[in-house]
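Fold and contact review
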Amino acid sequence: MLMEGLVEQLEGIVGRESVVRGKDKMESYLFDETCIPVRPSAVPDCVLVKPANSMEVSRILRLANENKIPVYPRGGGTGLVGGAVPARSGIIVSLEKMNRIEIDGENLMAVAEAGATLGGLLKAVEEAGFSFPPHPGDEGAQIGGLVACNAGGARAVKHGVMRSFVRGLEVVLPTGEILTFGGKLLKDNMGYNLMHLIIGSEGTLGIITKVVLRLNPKTPYSLTLLLPFNSRHDALNTVPRILRSGVTPLALEYVEKELMELSAEHLGEKWVFEGEVFLIAILAGEENVVYSEAEKLSQICVENNGLEPSVAERRDEQESILRIRSNIYTALKRDSMDILDTTVPPSAIGRLADAIDTIAEKHGAYIPVYGHAADGNVHSHIMKRDAEKYEAIKREIYETTISLGGTITGEHGVGKIRVKELYRFTHPKKIELMKGVKRLFDPNNILNPSTVLEI
Ligand SMILES: Cc1cc2nc3c(=O)[nH]c(=O)nc-3n(C[C@H](O)[C@H](O)[C@H](O)COP(=O)(O)OP(=O)(O)OC[C@H]3O[C@@H](n4cnc5c(N)ncnc54)[C@H](O)[C@@H]3O)c2cc1C
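**Observations regarding the nonpolar core**
The biggest cluster of nonpolar side chains holds 67 residues, and the ones touching the most others in it are Leu279 and Leu297. Residues contacting Leu297, with those up to four places away along its chain left out, are Leu225, Leu227, Ile242, Ser245, Val247, Pro249, Ala281 and Leu283. The next biggest cluster of nonpolar side chains, apart from the first, holds 31 residues, and it includes Val125, Ala148, Ala151 and Val166.

**Things to note about the side chain of Ser18**
The topology assignment puts Ser18 in the loop between α1 (6-14) and β1 (19-21). Excluding residues that lie within four positions of it along the chain, Ser18 makes contacts with Leu48, Val49, Lys50 and Lys97.

**Describing the packing of α1 against helix α3 (residues 54-66)**
Contact geometry for α1 and α3: axes closest at 9 Å, N-to-C directions at 160°. Considering their axes alone, α1 and α3 lie roughly antiparallel with respect to each other. Crossing of α1 over α3 shows right-handed handedness. Counting all contacts with α1, which are made through Leu6, Gln9, Leu10, Gly12, Ile13 and Val14, the residues of α3 involved are Glu56, Arg59, Ile60 and Leu63. Of the residues belonging to the contact of α1 with α3, the class tally is six nonpolar, two polar and two charged.

**Structural notes on the site of the ligand**
As a matter of local geometry, the ligand sits amid 36 residues, with Pro73, Gly75, Gly76, Thr78 and Gln142 nearest to it. Note that a nitrogen atom of the ligand is positioned 3.2 Å from one of the backbone N or O atoms of Gly153. Between the ligand and Glu202 there is a distance of 3.1 Å, counted from an oxygen atom to a backbone nitrogen or oxygen. Put simply, the parts of the chain that give the shell around the ligand at least two residues each are β3 (71-74), α5 (143-148) and β10 (207-214). By residue number, the principal contributor to the shell around the ligand is α5, which donates four residues. Across the shell around the ligand, the residue classes tally to 14 nonpolar, 17 polar and five charged.

**Some points on the pairing of β10**
Counting buried positions along β10 gives six out of eight residues, so the element sits mostly inside the fold. Strand direction decides the pairing type here: strand β6 (residues 109-113) and β10, joined by five bridges, are antiparallel. By the bridge assignment, Met109 is partnered in β10 with Arg214. Pairing geometry for strand β8 (residues 166-172) and β10, over six bridges, is antiparallel. Among the inter-strand pairings, Gly168 is bridged to a residue of β10, identified as Val212.

**Remarks on the packing of aromatic side chains**
Any two aromatic rings considered together are summarised by their centre-to-centre distance and by the angle between their planes. Per the counting criterion, the structure on display carries five aromatic pairs. Ring centres of Tyr221 and Tyr291 lie 5.7 Å apart, and the angle between their planes is 35°; this geometry places the pair in the tilted category. Here Tyr221 is found in strand β12 (residues 221-229), whereas its partner Tyr291 is found in helix α10 (residues 287-303), with 70 residues between them in sequence. What makes Tyr221 buried here is its relative accessible area of 14%. Between the aromatic rings of Tyr398 and Phe425, the centroid separation amounts to 6.2 Å while the plane-to-plane angle is 80°, which identifies the pairing as edge-to-face. Within this pair, whereas Tyr398 is found in helix α14 (residues 390-403), its partner Phe425 is found in the loop between α15 (419-424) and α16 (428-441), the two being separated by 27 residues in sequence. What makes Tyr398 buried here is its relative accessible area of 1%. Seen from the ring of Phe165, Arg214 lies directly overhead, with NZ or CZ sitting 4.5 Å from the centre.

**A short note on the sheet that holds β10**
If you walk across this open sheet you meet the five strands as β5-β6-β10-β8-β9, and the pairing is antiparallel. Of all the strands in the sheet, the pair left with one neighbour each is β5 (101-104) and β9 (178-182). If you compare each strand with its neighbour and ignore which way they point, the axes differ by 15° on average. Across the sheet, α3 touches β8, β9 and β10, and the angle it forms with β8 is around 50°. Along the sheet, helix α4 (residues 118-127) contacts β5, β6 and β10; its crossing angle with β5, the most-contacted strand, is approximately 35°.

**Topic: the domain arrangement of the protein**
As assigned here, the protein comprises domain 1 (6-95), domain 2 (101-217), domain 3 (221-326) and domain 4 (335-414). Centre-to-centre, using C-alpha coordinates, domain 3 lies 22 Å away from domain 4. Ranking the residues of domain 3 by area buried against domain 4 places Arg232, Leu236 and Leu259 at the top, with a combined share of 38%. Ionic pairing is found between Arg232 and Asp357, a salt bridge with its closest N-O pair at 3.0 Å. On the surface where domain 3 and domain 4 come into contact, there are seven residue pairs in polar contact (both at pLDDT 80 or more). The set of elements that each furnish at least two residues to the side of domain 3 that touches domain 4 consists of α8 (232-244), β13 (251-256) and α9 (257-267). Considering each element in turn, the side of domain 3 that touches domain 4 owes the most residues, six residues, to α8.

Thresholds applied
Residues numbered from 1 in each chain as written. Predicted model: local features only at pLDDT ≥ 70, side-chain atom pairs only at ≥ 80, totals over all residues. Heavy atoms only, no water. Core = buried A, V, L, I, M, F, W, Y, C linked by side-chain atoms within 4.5 Å. Buried < 20%, exposed > 50% of the residue type's maximum accessible area, 1.4 Å probe, protein only. Contact = heavy atoms within 4.5 Å. Helix = DSSP H or I, 4+ residues; strand = E, 2+ residues; numbered from the N terminus. Axes fitted to C-alpha atoms, helices over the stretch in contact; angles between N-to-C directions. Parallel < 35°, antiparallel > 145°, perpendicular 65-115°, else oblique. Left-handed = near helix turned anticlockwise from the far one by under 90°. Nonpolar A, V, L, I, M, F, W, Y, C, P; charged D, E, K, R; others polar. Near = heavy atom within 4 Å. Polar contact = N/O pair within 3.5 Å; in protein donor to acceptor, adjacent residues only side chain to side chain. Pairing = 2+ DSSP bridges. Phe/Tyr/Trp six-rings, centres within 6.5 Å; stacked < 30°, edge-to-face > 60°. Lys NZ or Arg CZ within 6 Å of the ring centre and 35° of its normal. Domains from an automatic or database assignment. Buried area = accessible area lost by both parts, 1.4 Å probe. Salt bridge = Lys/Arg side-chain N within 4 Å of Asp/Glu carboxyl O.

Dropping the structure here:
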């Protein structure tokens, strides 16, 4: 039950029009994109607030902290591990009204409020003549959510994940203080790096309100190279060879024909390329350099039993391939129990994929596999038809991943659905240190409780 008078107090902070009450009016804020069978159930007895600035966020958090009311920071709701789902009665803080973006061309930086969307940022950056390479899937994700999850995505190979682009943060602590970390700086060694602690903390240490992001100069030219193979083994064993060749693509994705056809059909499009499995490489830079890199990768592909590569140069062709790749998740979601994002050292990705095949065979299960090949990041879906074997399959995939020197989540995070596994696969001393950090930031455990850690 929510505290009596809470709604009125919140209205006093953000104004009546920015407070929403009643399940029917806030339905879309009660879930995220986690597969339904494993998504935590939301407690609809919540109040939704939409602050317009950091000071309002601070006053909301002070009020919540004084009264020990759970607070759920919310971005675009595209998370895949239930992080933004309110699992107890409390306050949902949506940052959507805080969406200003400023481009600082002199310093090659953007300053974005947390509620700006990835799509909005990409548009502003492109219009200003710069580029922001990361593209973690859904453009409806917000900058605060992307930083809170340290999102990765396809284009992390050359320039890294969100963490590599964040130079500064404004954060409101659960106790209400507004702090800034870093800034428009490329170097900063003043003590422990608390900014990097907050990046990836999944809304458990503070509410991110503003982000300084590094930009790149616009790349003059890009092309998408499709490297087809007849076997997964040949395709994935080609990945380390590409990485050793001196060519670092912007993205290097692994997909299978069956999944690309399914995704294309889901979008009302067609997948027309020959081959059973594919590596998709995005190359960007000066045109002549990109061409010679494409030639080099094509040669490596053919030397490793690959078929004839195809090149997409037109923007619409490139976008279509990326769109079909990005929508594999959406096409499979309806029939999926869960999507795993295990990650191993890049050279072990072939062994992980083979092990997943063996696990599938052992259980008579269907486990579709695709992923960010050069990052060793494998997405595998456990399907609803295999619901009875879900726990066993998940456990075996996680155990194999750990035995290969990997991690159970490379980009989606722990959220509310992988806490048990975090504890299982993490040294108890590390859990103790994490709990200590959480208590320092959030002594009353009000911020996104039961996410990442159970306190
Ligand atoms: C089709 C699809 C493809 C995807 N592809 C990728 C991919 O390739 N790589 C990848 O990494 N992810 C991917 N994702 C997952 C998702 O887009 C990311 O996790 C993203 O970072 C979530 O951002 P959001 O704004 O939607 O956050 P939400 O889902 O709203 O929240 C996610 C977490 O962040 C916290 N949070 C949100 N905003 C703030 C804030 N301002 N301050 C503090 N905490 C906050 C929430 O409390 C929650 O714990 C994909 C998702 C979909 C649906």
